[in-house]
Amino acid sequence: MKTITIILFFISAVLSAQSESLASYESASIIPNWFNKTSTNQGQALELINSVRSNSDLEPLSLNIELSSLAADRLDSTATRGFYESSKDNTGELYYNTSREFDNYFYNAVIGLIIPGDSNFTYEQITCKSCKEVGFAFKTIRGKVWTMLVFDTLY
């Protein structure tokens, strides 16, 4: 009986040490905090887009890292040029800029782009039937926060 108690104590001590190691590894993660927040914010914006698409009986979009990288590159290009110039490829891109502060620029941009203005272009791109993926990026350019959405196809 004494041996079983010692073995059980040893097993619980080993398991406890492993869980503490895992907890300290997670807290010292190499993924920066801003990345986790950006990821969460993109997820919330994607949920909003997919909610709108669901109301139109369309398949949900998925987040694509390469399209997000492309969106970031296009914002870098906009910052370098000093103005927005649409791309010549087959991707669909939308941008939204604001000088106001928001917790989630991605979500705010989707709201602004869903509401039709003078044309329905932005809404039609968000509800594109052939689109499967989207990427997001944002960047502060000359005091305004620009948010770019890049879709895998132009509607």
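Below is a summary of the structure that appears in this document. Here the structure is a predicted model, which means the values were calculated and not measured.

What to know about the overall build of the chain
So, step 1. Assigned secondary structure in the chain consists of five helices and four strands.
So, step 2. In the chain, the succession of α and β elements from N to C terminus is α-α-β-α-β-α-α-β-β.

Describing the side chain of asparagine 104
So, step 1. With respect to the secondary-structure elements, asparagine 104 resides in the loop between β2 (92–98) and α4 (105–114).
So, step 2. Here the side chain of asparagine 104 touches asparagine 41 through a polar contact of 3.2 Å, landing on its backbone oxygen.
So, step 3. From its side chain, asparagine 104 meets the backbone nitrogen of phenylalanine 106 in a polar contact 3.1 Å long.
So, step 4. Apart from the residues within four sequence positions on either side, asparagine 104 is in contact with Asn41 and Gln44.

Focus: the environment of glutamate 124
So, step 1. Here glutamate 124 is to be found in helix α5 (residues 121–126).
So, step 2. In this structure, the C-alpha to C-alpha distance between glutamate 124 and tyrosine 155, residues 31 residues apart in sequence, is 6.9 Å.

Digging into the nonpolar core
So, step 1. Counting residues in each nonpolar core, the largest one holds 18 residues, and the members touching the most others are Val110, Phe136, Leu149 and Phe151.
So, step 2. Of all the secondary-structure elements, those providing two or more residues to this core are α2 (33–55), α4, β3 (133–141) and β4 (144–151).
So, step 3. With five residues, α2 is the single largest residue contributor to this core.
So, step 4. If near-sequence neighbours (up to four positions away) are discounted, valine 110 is found in contact with Ala45, Leu48, Ile49, Phe136 and Leu149.

A word on unusual backbone geometry
So, step 1. Of note in this structure, aspartate 57 is not a glycine but carries a positive phi near 55 degrees.
So, step 2. Position of aspartate 57 among the secondary structure elements: in the loop between α2 and β1 (62–63).
So, step 3. We classify aspartate 57 as exposed; its relative accessible area is 72%.
So, step 4. One non-glycine residue with positive phi stands out, namely arginine 142, at about 50 degrees.

A few points about the pattern of salt bridges
So, step 1. Overall, the coordinates contain four salt bridges when judged by the stated rule.
So, step 2. Across the pair glutamate 93 and arginine 74 runs a salt bridge whose closest N-O atoms are separated by 2.6 Å. Here glutamate 93, found in strand β2, pairs with arginine 74, found in helix α3 (residues 65–81); they are 19 residues apart in sequence, far enough to count as distant. The two residues glutamate 93 and arginine 74 agree in class, both being buried.
So, step 3. A salt bridge links glutamate 85 to arginine 81, with the nearest nitrogen and oxygen atoms 3.2 Å apart.
So, step 4. Under the relative-accessibility criterion, arginine 81 is labelled partly exposed at 38%.
So, step 5. Among the charged side chains, a salt-bridge network with shared partners connects Arg74, Asp89 and Glu93.

Reading the values: rules and limits
Residues numbered from 1 in each chain as written. Predicted model: local features only at pLDDT ≥ 70, side-chain atom pairs only at ≥ 80, totals over all residues. Heavy atoms only, no water. Helix = DSSP H or I, 4+ residues; strand = E, 2+ residues; numbered from the N terminus. Polar contact = N/O pair within 3.5 Å; in protein donor to acceptor, adjacent residues only side chain to side chain. Contact = heavy atoms within 4.5 Å. Core = buried A, V, L, I, M, F, W, Y, C linked by side-chain atoms within 4.5 Å. Buried < 20%, exposed > 50% of the residue type's maximum accessible area, 1.4 Å probe, protein only. Salt bridge = Lys/Arg side-chain N within 4 Å of Asp/Glu carboxyl O.

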